Amino acid sequence: MRICRFDDDRLGVVSNGLVHDVTAVADELPALKWPLPRGDHFFNHLDRLRPRIEAMAKTVPGRPVSEVKLLSPVANPGKIVAAPVNYKLHLDESRADTQINFGTQVKTIDDYGVFLKATSSMIGAGDVVVADWPERRIDHEIELAFVIGKQGFRIAEEDALSHVAGYMIGLDMTIRGTEDRSFRKSLDTFTVFGPHMVTADEIGDPNSLDFEIRVNGETRQKSNTGLLIWNVQKLIAYASRAYTLYPGDVFMTGTPEGVAPVVPGDRMHAWIEGIGEMTVAVGG
Ligand code: MN
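Residues numbered from 1 in each chain as written. Predicted model: local features only at pLDDT ≥ 70, side-chain atom pairs only at ≥ 80, totals over all residues. Heavy atoms only, no water.

1. Overview of the sheet that holds strand β15 (residues 210–215)
Moving on, step 1. Here five strands make up an open sheet; going across it, the order is β9-β20-β19-β15-β16 and the pairing mixed. Only two strands of the sheet have a single partner each, and these edge strands are β9 (128–130) and β16 (218–224). Shown here is a sheet whose adjacent strand axes are inclined to one another by a mean of 20 degrees, direction ignored. (Pairing = 2+ DSSP bridges. Helix = DSSP H or I, 4+ residues; strand = E, 2+ residues; numbered from the N terminus. Axes fitted to C-alpha atoms, helices over the stretch in contact; angles between N-to-C directions.)

Set out below in structure tokens:
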């Protein structure tokens, strides 16, 4: 199943290019009182709601996806866990390019571990990435992203995939410079998720997916998640040694070689095998 959010916080199921509005099912979520429970309210209850979502999607008419504004499939992630330098060829290009490394010695995820991106940086495919620091280089990074569906702490690699609700395309927009990653990758609009979330049962093995990003029609990054230094299971096991993972938490698995600048007016077209494609505009 392909779950999306669209327009004015509508909940949808995408099938054959059509969005079926199943918002009425989300209206059945329990009422919330402050202080809110941890985790995203929808993903905390997705397993229970899923049969009704699937049934309703079959009974309501669809609208073309092209006619709706796509929001991030996850509304309120508690945290966004991201992987630095998790592809060998991206390590090589980062070491070779002073506009990426800024004089620092670039290491790999084995040295860095993971980092966190601010949830306020998150947008959906129908939003615009704002690149309004003209004196600084701002790069695209396409990454396989996934959503946690089941709470866990100190999760074993063998159990890790059972904690994944589904997969999305992620764009980890990055301003190059000397500052910490948590600053440079957390500017407003610098985390794009979409176009929808494909539930994990439709993906099977996430560590063998082709993907590509083109900017204005030109291929910039093209790789396969089989080349991840730390795969999906290892990222979950490592992060959950430190952090309890809650439903709705999102992981970004890292980017391969080919990172390059974008400027206002560019259009980024991203595709991941088994998930889909999305076009995201860059504005000023
Ligand atoms: Mn990245």
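Read on for the rest.
2. With respect to the coordination of the manganese ion
Moving on, step 1. Only Glu141 (OE), Glu143 (OE) and Asp172 (OD) from the protein coordinate the manganese ion, and they sit 2.0 to 2.1 Å from it.
Moving on, step 2. When the donors of the manganese ion are listed by position in the chain, the intervening gaps give E-x1-E-x28-D. With respect to class, Glu141 is no different from Glu143; both count as buried. (Donors = N, O, S within 2.8 Å, 3.2 Å for Na, K, Ca; no water. Buried < 20%, exposed > 50% of the residue type's maximum accessible area, 1.4 Å probe, protein only.)

3. Remarks on the domain arrangement of the chain
Moving on, step 1. According to the domain assignment, the chain consists of domain 1 (2–71) and domain 2 (80–283).
Moving on, step 2. Taken together, the contact between domain 1 and domain 2 spans 14 residues of the former and 21 residues of the latter.
Moving on, step 3. Between domain 1 and domain 2, the buried area comes to about 1,400 Å², and carbon and sulfur atoms account for 54% of it.
Moving on, step 4. Of all residues in domain 1, the largest losses of buried area upon contact with domain 2 belong to Arg2, Phe43 and Leu70, amounting jointly to 44% of the total for that side.
Moving on, step 5. The interface formed by domain 1 and domain 2 holds three salt bridges in total.
Moving on, step 6. Residues Asp127 and Lys69 are paired through a salt bridge, measuring 3.0 Å at the closest nitrogen-oxygen approach.
Moving on, step 7. Remark: the boundary between domain 1 and domain 2 carries eight residue pairs in polar contact (both at pLDDT 80 or more).
Moving on, step 8. Within the residue set of the side of domain 1 that touches domain 2, elements represented by two or more residues are β1 (2–6), α2 (41–44), α3 (46–59) and β5 (70–71).
Moving on, step 9. At three residues, the largest contribution of residues to the side of domain 1 that touches domain 2 is made by β1. (Domains from an automatic or database assignment. Contact = heavy atoms within 4.5 Å. Buried area = accessible area lost by both parts, 1.4 Å probe. Salt bridge = Lys/Arg side-chain N within 4 Å of Asp/Glu carboxyl O. Polar contact = N/O pair within 3.5 Å; in protein donor to acceptor, adjacent residues only side chain to side chain.)

4. Quick notes on the side chain of His90
Moving on, step 1. Within the element layout of this structure, His90 appears in helix α4 (residues 88–96).
Moving on, step 2. Reaching out from His90, the side chain makes a polar contact with the side chain of Glu93 at a distance of 2.7 Å.
Moving on, step 3. The contact partners of His90, leaving out residues within four places of it in the chain, are Val85, Glu141, Thr255, Pro256, Glu257 and Val259.

5. Points about the sheet that holds strand β13 (residues 174–175)
Moving on, step 1. Strand order across the open sheet formed by three strands is β13-β10-β18, with antiparallel pairing between neighbours. In this open sheet, the two strands that pair with only one neighbour each are β13 and β18 (260–261).
Moving on, step 2. Note: strand β10 (residues 138–140) against β13, two bridges, orientation antiparallel. Residue pairing for β13: Ile138 is matched across the bridge by Ile175.

6. Description of the layout of surface pockets
Moving on, step 1. As a volume, the largest pocket reaches approximately 350 Å³.
Moving on, step 2. Contributing to the lining of the largest pocket are 25 residues, with Ile100, Thr104, Tyr112, Arg181 and Arg184 lying nearest its centre.
Moving on, step 3. Only α4, α5 (98–101) and α7 (181–184) provide two or more residues apiece to the lining of the largest pocket.
Moving on, step 4. Of the residues assigned to the lining of the largest pocket, the class counts are eight nonpolar, eight polar and nine charged. (1 Å grid on protein atoms, 1.4 Å probe; cavity = no way out; pocket = protein on both sides within 12 Å on 5 of 7 lines; lining within 4 Å. Points joined across faces, edges and corners; volume = space filled by probe spheres on them. Nonpolar A, V, L, I, M, F, W, Y, C, P; charged D, E, K, R; others polar.)

7. A closer look at α3
Moving on, step 1. An ideal rise of 1.5 Å per residue puts 20 Å on 14 residues; α3 measures up with 19 Å between its terminal C-alpha atoms.
Moving on, step 2. At Arg52, α3 shows its maximal kink, close to 25 degrees.
Moving on, step 3. Considered for burial, the residues of α3 that qualify are Leu46, Leu49, Ile53 and Ala57.
Moving on, step 4. Considering only its buried residues, α3 is in contact with β1, β2 (10–15), β3 (18–21), α1 (23–26), α2 and β14 (191–199). (Expected span 1.5 Å × (residues − 1). Bend = angle between axes of the 7 residues up to and from the residue.)

8. Quick look at the pairing of β15
Moving on, step 1. Judged from the six bridges that link them, β15 and β16 form a sheet pairing that is antiparallel. In the strand pairing of β16, Ile213 is matched with Gln221.
Moving on, step 2. The hairpin turn running from β15 into β16, its antiparallel successor, is two residues long, and Asn216 in that turn takes a positive phi close to 50 degrees.
Moving on, step 3. The sheet contact formed by β15 and strand β19 (residues 267–272) spans five bridges and is antiparallel. Each bridged residue has a counterpart across the sheet, and for Val215 the counterpart in β19 is Met268.

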